[in-house]
Amino acid sequence: MIKKLLEINGISKTYPGVIANSDISFDINSGEVHALLGENGAGKSTLVKIIYGLVKPDSGNLLLNGVPFKPVTPSEARKAGIAMVFQHFSLFEALSVAENISLGMDNPPNQRDLGKKIKSVSESYGLPLDPAKTVGELSVGERQRVEIIRCLLQNPKLLVMDEPTSVLTPQEVDILFKTLLKLRSEGTSILYISHKLEEIRKLCDTATILRLGKKVDTCTPEKTSTKKLAEMMVGSTIKAPEKLNKPAGQVMLNVDNICCVSKSQFGTSLTNVTFDLRQGEILGIGGVAGNGQDELFAVLSGEQFSQHGSISFNEINITKFNPNQRRKIGLLSAPEERLGHAAAPNMSLIENTLITAENSQNLVSLGFIDWKKSKAFAEKVIKKFDVRTPGSQNTARSLSGGNLQKFVIGREILQNPSVFIVNQPTWGVDAAAASSIRQALLTLSENGAAILVISQDLDELLEISDQFAALNGGALSRIEKTADLSMEQIGLMMGGAKDLEARNV
Amino acid sequence: MFKLEKRPQQSQKWIYLSPFLAVLITMISGGILFAALGENPFEAIRIIFWDPLFDPNFASYSRPQLLVKAGPLILIAIGLSFGFKAGVWNIGAEGQYILGAIFGASVALAFYPMESKFIFPLMIIAGALGGFLWGLIPALLKAKLNTNEILVSLMLVYVAESILASVSQGLLKNPDGYGFPGSRNLQNYESAANVEIIANSGMHWGVLFAFITVIVSYIILTKHIQGFNIQLTGQAPRASKFAGVNPTANIVFCLGISGALAGLAGMFEVSGPSGQITIEFNSGYGFTAIIVAFLGRLHPIGIFLSGLLIALTYIGGELAQLMLGLPGASIQLFQGMLLFFLLATDLFANYKVKIGADN
């Protein structure tokens, strides 16, 4: 018999200028894996925060087991049997696993008993974890286990997971899914937040789809096609980018044995990175976040110089060229962080053209800025790349993530780079914009540019890249033809193979 | 109850409105203060803000003083505004002002009593150089050793004051001065004197320089790539590095230009209104200019206007001392309140106030 665990009735929440949730109603049954599906900004996080007692709704109510449920703090929600694993972990790196877990508990037992308990729970759910280990030594996947076990120790009735797989390798995802299915068989409900459609179809019993703060539909994902789910999520049809097969040309960029110490305290230093990038080729660099992606980008864009090794562009040694010198010879780049790195938030789009297009578009003569030309270039980018904004006078921060990203990518592509380095081209971007950005990258490569795409989105890399390599701990795996790779091989490359074999035993 | 709500974008209206509101609140608070001291608040406010410009007995003396006081304030504040826009905090303009004066006066005294039309231009160059070099110290320390320019530039003010005390009693002391500390009076040395360009207007060469600087800095900030790079560095340091702006060059430019302009202000002061190097030569223009820069929203035109306003509080304050026997510190109090209330009213640019909102 199906029993309703949590009933969500007409929840609405408005922030200044944004309707986060508008009259959302659905039920979560006992022992089901319920997906909450939607794009960035669809209102998933707000709804979950309401359930977990972090945000107070403007109107609407919750019923837990038929009884009104109004959590004001997370600890109240925890007492009622709701546990949550956040996308961003809240762990102290310097403390041990057991210490971290006891910090999150309302009435922690002593360390020895807790250690035993952690061991038994982690083993019974197939998530091996050593309670005495310091969190700082754990991989991202293992840190997530700490968060999950912290939740499981409370014997939750409802486990909320916010985008849990975005930081995992395919193998780690499989392990996680096994755990979640075991929990379900024991009667625990799971609210699973994601925008990855294949995952949801594989794992979830029911899916509720949100768009722009409203509930669009509830469906059975198994019986709904990926295409249909995507259309419900986005609200329009998406055209998948087309990829032509073409032979790669001559080597444009040669990176030889680069070593570079990270400037950030928690960064990852690059060790002996070597690769060639050819004309008309897209090389995809995958990997779990924090494995040297930012450092690799900085070394290639010229924001940081390597201590070791060399970079050549068309046989010119550019190892010590700054970003502007690299741009002058045709090596352009687009960083991950749009606001503050690729663009200045409080400056207009016109002003933002000057950041990278100053030389190639002759926007400055004798030190004086040609505002007319800058404006014309900004408007060309806006038009060609379908950037939705009232005008080029608007500030960068006033644009939505997807539109600003289209502007940033467009600004570089319209300068006709012969080598283009891009980090996370569609991070936090809506599906329609992501698809048009990927298409633009493909078109650029068809016209002969050599492109390096660093991304944590495997689907994206599989879709557009000709060659694939993964970063793990600052080292680059061997480079393989993307078409020849299976998901499992990719996972092994991302995990730094030997590490993973040991863990799977 | 009150509730503050963050605005999605800074309110342009409030950016321009808050300086006026700050002036108004300063007047009201000042009035309350004067009333507490037993004075008629309306009369006191009138004496400070109105009489210096329009009272038939005082205006003829006070009006020229307005430019004399505003000139160095504007000159220094314009220099500071470059750094403040780039996130380089030069707090030591006072020291750069002193060094500019010492360099300028030294050139004059070295040539004394020779008369030549080249002496004054040479002094201008020396004054700018003195301030520039003094500003270069915190710049290089910051660029090479990552020291904090706020502390270094501020501490260098006290070093500069000690140098000033030393030279006015030693190296630059007037040999015909009957043993009193202080240099020869440059007003009495034709080739070195910074004279009024228009008689009885207060318009000396330094004021003219200040006006030219306002125009030039307006052009640099709105039309030149250097001005753009400064603003980019201040608003988004990572983007500026990505754009290829050299951070070291930027720090040196910002501290160098503010030092040079402060040095110029010192040189024009020592060869003009002050006339000589003395132990008490510096009067806090370098610090007050920080208020001028912020009150003027770091915008050249705004700095021009706020420079005139702060100059008025100097003159009005002196007048109030004379007429009402108010303590001299009341001018500083006024200027301090202005900055304080400006920072307070800036809240409205970033936040909306909701009254009677829910708990």
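Residues numbered from 1 in each chain as written. Chains lettered and ligands numbered in written order. Predicted model: local features only at pLDDT ≥ 70, side-chain atom pairs only at ≥ 80, totals over all residues. Heavy atoms only, no water.

Draft legend 1. Broad picture of the overall build of chain B. For chain B, the count of helices and strands is 15 helices and 4 strands. Projecting the C-alpha coordinates of chain B onto the three principal axes gives extents of approximately 75 × 60 × 35 Å. By residue count, 54% of the 359 residues in chain B fall in the buried class. The contacts of chain B with a sequence gap of at least 6 include a subset with a gap of at least 24, amounting to 76%. When the accessible surface of chain B is split by element, carbon and sulfur atoms take 67% of a total near 16200 Å². (Helix = DSSP H or I, 4+ residues; strand = E, 2+ residues; numbered from the N terminus. Buried < 20%, exposed > 50% of the residue type's maximum accessible area, 1.4 Å probe, protein only. Contact = heavy atoms within 4.5 Å. Areas by Shrake-Rupley, 256 points an atom, 1.4 Å probe, with all protein chains shown as cover.)

Draft legend 2. Summary view of the domain arrangement of chain A. Residue and element names in this part refer to chain A. Taken domain by domain, chain A consists of domain 1 (4-234) and domain 2 (251-500). One C-alpha centre belongs to domain 1, the other to domain 2; they are set 33 Å apart. Across the domain 1/domain 2 interface, buried area totals approximately 920 Å², and carbon plus sulfur atoms make up 66% of it. Joining domain 1 to domain 2, the criterion identifies 0 salt bridges. Between domain 1 and domain 2 we count 1 residue pair in polar contact (both at pLDDT 80 or more) in total. (Domains from an automatic or database assignment. Buried area = accessible area lost by both parts, 1.4 Å probe. Salt bridge = Lys/Arg side-chain N within 4 Å of Asp/Glu carboxyl O. Polar contact = N/O pair within 3.5 Å; in protein donor to acceptor, adjacent residues only side chain to side chain.)

Draft legend 3. Broad picture of the packing of aromatic side chains. Residue and element names in this part refer to chain B. By the definition in use, this model includes 18 aromatic pairs over all chains. Consider the rings of Tyr-112 and Tyr-189, whose centres lie 5.2 Å apart with planes at 90°: the pair is edge-to-face. In this pair, Tyr-112 sits in the loop between α5 (93-111) and α6 (119-145) while Tyr-189 sits in the loop between α7 (149-169) and β2 (196-198), placing the two residues 77 residues apart along the sequence. For the pair Phe-209 and Phe-268, a centre-to-centre distance of 5.1 Å together with 45° between the ring planes defines the contact as tilted. Placement of the pair is Phe-209 in helix α8 (residues 205-223) and Phe-268 in helix α11 (residues 247-271), with a sequence separation of 59 residues. (Phe/Tyr/Trp six-rings, centres within 6.5 Å; stacked < 30°, edge-to-face > 60°.)

Draft legend 4. Just the sheet that holds strand β1 (residues 4-15) of chain A, in detail. Residue and element names in this part refer to chain A. The antiparallel open sheet is built from 4 strands, whose spatial order is β2-β1-β4-β5. Across the chains shown, the open sheet's two edge strands, defined by having one partner strand only, are β2 (18-29) and β5 (67-69). Strand after strand, the sheet turns through a mean of 25° between neighbouring axes, direction not considered. Here β1 runs beside strand β4 (residues 59-64); their pairing, made up of 5 bridges, is antiparallel. (Pairing = 2+ DSSP bridges. Axes fitted to C-alpha atoms, helices over the stretch in contact; angles between N-to-C directions.)

Draft legend 5. The packing of α5 of chain B against α6 of chain B, seen in detail. All names here are of chain B. At a minimum axis distance of 7 Å, the contact between α5 and α6 shows a crossing angle of 145°. The hand of the α5/α6 crossing is right-handed. Within the contact between the two elements, α5 uses Gly-95, Gln-96, Leu-99, Gly-100, Phe-103, Gly-104, Val-107, Ala-108 and Phe-111 and α6 uses Ile-119, Leu-122, Met-123, Ala-126, Gly-127, Gly-130, Gly-131, Leu-133, Trp-134 and Gly-135. (Left-handed = near helix turned anticlockwise from the far one by under 90°.)

Draft legend 6. Structural detail: the interface of chain A and chain B. Contacts between the two partners involve 33 residues from chain A, matched on the other side by 20 residues from chain B. Between chain A and chain B, a total of about 2200 Å² is buried, with carbon and sulfur atoms accounting for 60% of that surface. Counting the contacts that link chain A with chain B gives 0 salt bridges. Counting the contacts that link chain A with chain B gives 9 residue pairs in polar contact (both at pLDDT 80 or more). The set of elements that each furnish at least two residues to the side of chain A that touches chain B consists of α10 (323-329), α11 (349-357) and β18 (368-369) of chain A. Of all the elements, α11 of chain A adds the most residues to the side of chain A that touches chain B, at 4 residues. Here the residues of the side of chain A that touches chain B sort into 16 nonpolar, 9 polar and 8 charged. (Nonpolar A, V, L, I, M, F, W, Y, C, P; charged D, E, K, R; others polar.)

Draft legend 7. Spatial organisation of the sheet that holds strand β9 (residues 206-211) of chain A. Residue and element names in this part refer to chain A. Overall, mixed pairing links the 6 strands, which are arranged β6-β7-β8-β3-β9-β10 in an open sheet. Pairing within the sheet leaves two strands with one partner each, and these edge strands are β6 (82-85) and β10 (214-219). Between one strand axis and the next, the sheet turns through 20° on average, direction left out of account. Pairing between strand β3 (residues 33-37) and strand β8 (residues 189-194): 5 bridges, direction parallel. Bridge pairing links Val-33 to Ile-190 in β8.

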